[in-house]
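In case you want the letters, here they are:
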Amino acid sequence: MLKRLSLILPAAVVLAGCVTDGTRVGPAELTSLYTSQTMAYAARGGELTTEIRGYPFTGQGVGAEQVANTLRSPAWHRQFRFTTQPNQETATSYRLVLRFNPPAGPPTGERICAGEEPGQFGPAGSGLVAQGVLCANDRLAAEARAYGGPVQSPSDPAFQSTMNALLAELMPPNNPMIERNGSCRGRVC
């Protein structure tokens, strides 16, 4: 497993904050609620509750569940699926809120997790802005934004590239502020 992570982590570092195929990702804000075990707990039933807000595509007719079903969990986590329709075994204390073409401005994750929806969403068209907010109940665990080109559908390579980069930044293998390779166990490293 360590060998696999040593190959995956450099790729994640390359993706974070740089341009690949027109995709840019800002650095994630990770709070102390995000640790190496967060995603194992949040997706312990094999899926992660996901809310889709705004609309990312220039074409019409794509539903929220269809968008969620095309997302892939980062390779360093146990595989799970994203869903807007969680089953009874799915943890609902953690949820991912994806906002497409949200208003510009400072991070709003704390407010989003608390149940607010600040601002109006822009139309799809010239480019994609995707904000990911991982909530632990009504508190922020992680937040990041990604920017990509215009996208037509969930299967569009530009959409997949932008979302993969966003999820990799939003759900890292550990929180470097409080963990070092998962060994700090809640202490500042």
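Residues numbered from 1 in each chain as written. Predicted model: local features only at pLDDT ≥ 70, side-chain atom pairs only at ≥ 80, totals over all residues. Heavy atoms only, no water.

1. Focus: the overall build of the protein chain
Alright, step 1. When you go through the protein chain residue by residue, the secondary structure sums to five helices and seven strands.
Alright, step 2. Shown N-terminal to C-terminal, the secondary structure of the protein chain runs as helices and strands in the order α-β-β-α-β-α-β-β-α-β-β-α.
Alright, step 3. Long-range pairs, those at least 24 residues apart, make up 70% of the contacts in the protein chain between residues at least 6 apart in sequence.
Alright, step 4. For the protein chain, the exposed area adds up to about 9300 Å²; of that, 55% sits on carbon and sulfur atoms. (Helix = DSSP H or I, 4+ residues; strand = E, 2+ residues; numbered from the N terminus. Contact = heavy atoms within 4.5 Å. Areas by Shrake-Rupley, 256 points an atom, 1.4 Å probe, with all protein chains shown as cover.)

2. Overview of the state of the cysteines
A covalent bond between the sulfur atoms of two cysteines is referred to as a disulfide.
Alright, step 1. Under the defined criterion, the tally for this structure stands at one disulfide.
Alright, step 2. Here Cys 113 is linked by a disulfide to Cys 135, with a sulfur-sulfur distance of 2.1 Å. On the sign convention where negative means left-handed, the S-S torsion of about -85 degrees between Cys 113 and Cys 135 marks this disulfide as left-handed. Residue Cys 113 is found in helix 4 (residues 109-113), and its partner Cys 135 is found in strand 6 (residues 128-136); the two are separated by 22 residues along the sequence. (Disulfide = S-S within 2.5 Å.)

3. Thoughts on the packing of aromatic side chains
By convention here, two paired aromatic rings are described through the distance between centres and the angle between planes.
Alright, step 1. Considering all chains together, one arrives at five aromatic pairs under this definition.
Alright, step 2. Over the ring of Tyr 41 we find Arg 44; its NZ or CZ atom is 3.9 Å from the centre of that ring. (Phe/Tyr/Trp six-rings, centres within 6.5 Å; stacked < 30°, edge-to-face > 60°. Lys NZ or Arg CZ within 6 Å of the ring centre and 35° of its normal.)

4. Considering the environment of Pro 172
Alright, step 1. Along the chain, Pro 172 falls in the segment after helix 5 (157-170).
Alright, step 2. Residue classification places Pro 172 among the buried positions, given a relative accessible area of 11%.
Alright, step 3. Considering only alpha carbons, one finds Pro 172 and Ala 28, 144 residues apart in sequence, at a separation of 9.1 Å.
Alright, step 4. Beyond its immediate sequence surroundings of up to four residues, Pro 172 is in contact with Leu 30, Tyr 34, Trp 76 and His 77. (Buried < 20%, exposed > 50% of the residue type's maximum accessible area, 1.4 Å probe, protein only.)

5. Side note on the pairing of strand 6
Alright, step 1. When you tally the buried positions in strand 6, you get nine out of nine residues, the bulk of the element.
Alright, step 2. The alternating pattern of strand 6 places Leu 128, Ala 130, Gly 132, Leu 134 and Ala 136 on one face and Val 129, Gln 131, Val 133 and Cys 135 on the opposite face, and all of these are buried.
Alright, step 3. One ladder, built from seven bridges, connects strand 5 (residues 94-100) with strand 6; its direction is antiparallel. Considered in strand 6, the bridge of Leu 96 is made with Leu 134.
Alright, step 4. Relative to strand 7 (residues 139-148), strand 6 is paired through nine bridges, and the arrangement is antiparallel. (Pairing = 2+ DSSP bridges.)

6. What to know about the nonpolar core
Alright, step 1. Residues Leu 48, Phe 82 and Met 171 are the most contacted members of the largest nonpolar core, which totals 33 residues.
Alright, step 2. Secondary structure elements with two or more residues in this core: helix 2 (38-42), helix 3 (64-69), strand 5, strand 6, strand 7 and helix 5.
Alright, step 3. Here this core gets six residues from one element, more than from any other, and that element is helix 5.
Alright, step 4. Ignoring sequence-local partners within four residues, the contact set of Phe 82 consists of Leu 48, Thr 50, Glu 65, Ala 68, Asn 69, Leu 71, Arg 72, Ser 73, Leu 96, Leu 167 and Met 171.
Alright, step 5. In terms of nonpolar packing, the next biggest core, distinct from the first, is built from six residues, Cys 113, Val 133, Cys 135 and Leu 140 among them. (Core = buried A, V, L, I, M, F, W, Y, C linked by side-chain atoms within 4.5 Å.)

7. Quick look at the pattern of salt bridges
Alright, step 1. Within this structure, the stated rule accounts for seven salt bridges.
Alright, step 2. Between Arg 81 and Glu 47 there is a salt bridge whose closest N-O contact spans 3.0 Å. In this pair, Arg 81 is assigned in strand 4 (residues 81-83) and Glu 47 in strand 3 (residues 47-53), connecting sequence segments 34 residues apart.
Alright, step 3. For Arg 81, a relative accessible area of 37% gives the class partly exposed.
Alright, step 4. We classify Glu 47 as buried; its relative accessible area is 4%.
Alright, step 5. One salt bridge connects Glu 116 with Arg 111, and the closest N-O pair in it is separated by 3.0 Å.
Alright, step 6. A residue is classified by how much of its surface remains accessible, and Glu 116, at 39% relative accessible area, is partly exposed.
Alright, step 7. What makes Arg 111 partly exposed here is its relative accessible area of 39%.
Alright, step 8. By sharing partners, the salt bridges in this structure join Glu 51, Arg 53, Arg 95, Arg 99 and Glu 117 into a single network. (Salt bridge = Lys/Arg side-chain N within 4 Å of Asp/Glu carboxyl O.)

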